[in-house]
Amino acid sequence: MKLRHSDNLSDPPFGLSEHSVRVDGDVKIENESTKLISGASDEAAPIKGRWWAFSVLVAINLLCYIDRFVPSAAKDYIKKDLHLTDTQTGAFYTGFILVYTLANPVFALLSDRGYSRRLLMFIGVSVWALASALPAVLPQYAPMLVARCLVGVGEGSYAVLAPVLLCDLFAPAMRNRVLGCFYIAIPVGSAIGFLAGGIVADKLGWRAAFLLCVGPGLVMSALVWTIRDPRASRPAAPGGSWRQFARATWQVLRSLGRNGQYVAAVGGYCLVAFATGGMADWLSVYLARVAQVDSGTASVVVGGATALGGFL
């Protein structure tokens with residue numbers, strides 16, 4: 001395989017990369033986002049404070065997933081109190097996912113453009129923590145739906161930046177283990193969200209369940225500033241025009257679209273996410289309505305199954 005510097009992209013596109021190369025005729029843009037996939041980083045001495053950063057980022061990830069499934073655990077309580085339909089209660093999760101999906105590339109772009117990753121994560125985690133508490137005080141359905149969509153903005157910033165930051169902090173030989181531990185927070189946080197959300201909604205009311213993560217979330221947003229970002233000590237990539245950025249992005253997407261294995265993997269993951277998302281949002285409701293299990297017990301069952309399945 002022959003590598004040579006690109007002769008068509010002489011200027012780094014919109015701060016996305018330090019350089020571009022051709023691989024068998026395809027342009028490969030090496031930037032903040034592709035670094036996570038390629039793992040092309042030199043071995044270096046351990047970075048001071050990396051385990052503290054890892055602890056903070058894992059804690060935030062855990063809180064995000066606790067909060068994500070509180071509405072699912074309290075779904076029937078919300079429906080009964082506000083006289084909603086299943087479509088309306090399901091829109092909480094749907095709206096969150098749509099906004100979350102759209103927010104991810106926006107924050108990735110801002111990071112590639114050179115904006116401080118700590119600043120972006122601070123803004124995102126703060127927005128998430130405050131938005132997660134709003135349903136506890138909002139009296140009507142429409143503002144509550146908007147608040148849950150704002151949660152997607154906050155999580156979208158963190159989810160796309162934290163893994164890349166961890167890859168900058170740890171050597172390639174350690175990244176699989178570090179990211180594996182980081183993502184363990186998904187089943188554990190989801191399980192806690194079902195368990196705690198269902199119990200609190202049953203004992204103290206569904207509005208109290210939305211307050212579970214606001215305090216810890218604000219504390220974690222402040223602790224983001226204590227994380228060391230290795231990129232802050234490196235020169236920023238030169239900027240460029242929006243046209244250069246659009247051209248570079250299109251080249252990357254076109255190259256990925258021709259990669260059959262990548263397309264199959266992403267398509268399969270989308271199908272898995274579709275199935276698991278639907279089950280996560282509605283399984284406790286199904287148990288309560290069809291199996292005649294009380295809502296609190298149903299949340300405990302789903303939470304336990306989520307944690308066990310995640311570890312397995």
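Residues numbered from 1 in each chain as written. Predicted model: local features only at pLDDT ≥ 70, side-chain atom pairs only at ≥ 80, totals over all residues. Heavy atoms only, no water.

Side note on the packing of helix 6 (residues 117-133) against helix 7 (residues 141-169)
In the contact formed by helix 6 and helix 7, the axes pass within 8 Å of each other and the chain directions differ by 145 degrees. In this structure, helix 6 meets helix 7 at a crossing whose hand is left-handed. Tallied by class, residues from the contact of helix 6 with helix 7 come to 14 nonpolar, 4 polar and 4 charged. (Axes fitted to C-alpha atoms, helices over the stretch in contact; angles between N-to-C directions. Helix = DSSP H or I, 4+ residues; strand = E, 2+ residues; numbered from the N terminus. Left-handed = near helix turned anticlockwise from the far one by under 90°. Nonpolar A, V, L, I, M, F, W, Y, C, P; charged D, E, K, R; others polar.)

Brief notes about the packing of aromatic side chains
As enumerated under the stated definition, the model contains 12 aromatic pairs in all. Their ring planes at 25 degrees and their centres at 5.2 Å tell us that Phe69 and Phe194 sit as a pair that is stacked. Residue Phe69 is located in the loop between helix 2 (50-68) and helix 3 (70-73), and its partner Phe194 is located in helix 9 (residues 185-204); the two are separated by 125 residues in the primary sequence. Per residue, the accessibility class of Phe69 equals that of Phe194, and both read buried. On the basis of an interplanar angle of 40 degrees and a centroid distance of 6.2 Å, the ring pair of Tyr93 and Phe96 is categorised as tilted. Taken together, the residues span about one helical turn, with Tyr93 and Phe96 both in helix 5 (residues 86-112) at a distance of 3 residues. (Phe/Tyr/Trp six-rings, centres within 6.5 Å; stacked < 30°, edge-to-face > 60°. Buried < 20%, exposed > 50% of the residue type's maximum accessible area, 1.4 Å probe, protein only.)

A look at helix 9
Buried residues of helix 9: Ala185, Pro187, Gly189, Ser190, Ala191, Gly193, Phe194, Gly197, Gly198, Val200 and Ala201, and no others. Just downstream of helix 9 lies Gly205, where phi reads positive at about 105 degrees.

Description of the nonpolar core
With 46 residues, the main nonpolar core has Leu57, Ile60, Met121, Trp128, Tyr158 and Leu166 as its most contacted residues. The set of elements that each furnish at least two residues to this core consists of helix 2, helix 5, helix 6, helix 7, helix 8 (172-183), helix 13 (260-289) and helix 14 (295-311). Here this core takes 10 residues from helix 2, the largest share from any one element. For Trp128, the contacting residues outside a window of four places in its chain are Leu63, Cys64, Asp67, Val151, Gly154, Glu155, Cys213 and Gly217. Ala91, Ala136, Tyr141 and Ala147 belong to the second-largest nonpolar core, a separate cluster that totals 17 residues. (Core = buried A, V, L, I, M, F, W, Y, C linked by side-chain atoms within 4.5 Å. Contact = heavy atoms within 4.5 Å.)

Quick word on a nonpolar patch on the surface
A surface patch of nonpolar side chains, about 640 Å² in accessible area, is lined by Leu119, Ile123, Val127, Leu134, Val137, Val146, Leu150 and Trp225. Per element, the largest residue contribution to the nonpolar patch is 3 residues, and it comes from helix 6. Along the chain, Ile123 falls in helix 6. Among the residues examined, Ile123 registers a relative accessible area of 39% and is labelled partly exposed. (Patch = residues over 30% accessible without salt bridge, like charges linked within 9 Å, V, L, I, M, F, W, Y side chains within 5 Å. Areas by Shrake-Rupley, 256 points an atom, 1.4 Å probe, with all protein chains shown as cover. Salt bridge = Lys/Arg side-chain N within 4 Å of Asp/Glu carboxyl O.)

Concerning the environment of Gly303
With respect to the secondary-structure elements, Gly303 resides in helix 14. Overall, the relative accessible area of 0% leaves Gly303 in the buried class. A C-alpha to C-alpha distance of 9.9 Å links Gly303 and Gly197, two positions 106 residues apart in sequence.

Here's the deal with helix 13
A rise of 1.5 Å per residue sets the reference length of helix 13, with its 30 residues, at 44 Å; its end C-alpha atoms lie 43 Å apart and thus fit the reference within 8%. The sharpest bend along helix 13 reaches about 45 degrees and sits at Trp282. The set of residues buried in helix 13 consists of Gly277, Ala280, Asp281, Ser284, Val285, Leu287 and Ala288. (Expected span 1.5 Å × (residues − 1). Bend = angle between axes of the 7 residues up to and from the residue.)

Here we look at the side chain of Ser190
Among the structural elements, Ser190 can be located in helix 9. Take Ser190: its relative accessible area is 4%, and that puts it in the buried class. Apart from residues no more than four positions distant in its own chain, Ser190 is found in contact with Tyr65, Phe69, Ala185 and Thr306.

So, the environment of Leu109
Structurally, the position occupied by Leu109 is in helix 5. Residues Leu109 and Phe245 lie 136 residues apart in sequence; the distance between their C-alpha atoms is 9.4 Å.

So, the pattern of salt bridges
All chains considered together, the criterion is met by 9 salt bridges. A salt bridge links Asp67 to Arg148; its shortest N-O distance comes to 3.4 Å. On the criterion of sequence distance, the pair formed by Asp67 in helix 2 and Arg148 in helix 7 is long-range, its members being 81 residues apart. Taking relative accessible area as the criterion, Asp67 reaches 1% and is therefore assigned buried. Note on Arg148: relative accessible area 2%, which makes it buried. Notably, a salt bridge pairs Arg117 with Asp168, separated by 2.8 Å at the nearest N-O pair. Here Arg117, found in helix 6, pairs with Asp168, found in helix 7; they are 51 residues apart in sequence, far enough to count as distant. Note on Arg117: relative accessible area 1%, which makes it buried.

Such coordinate-based values are descriptive only and should not be taken to indicate function.
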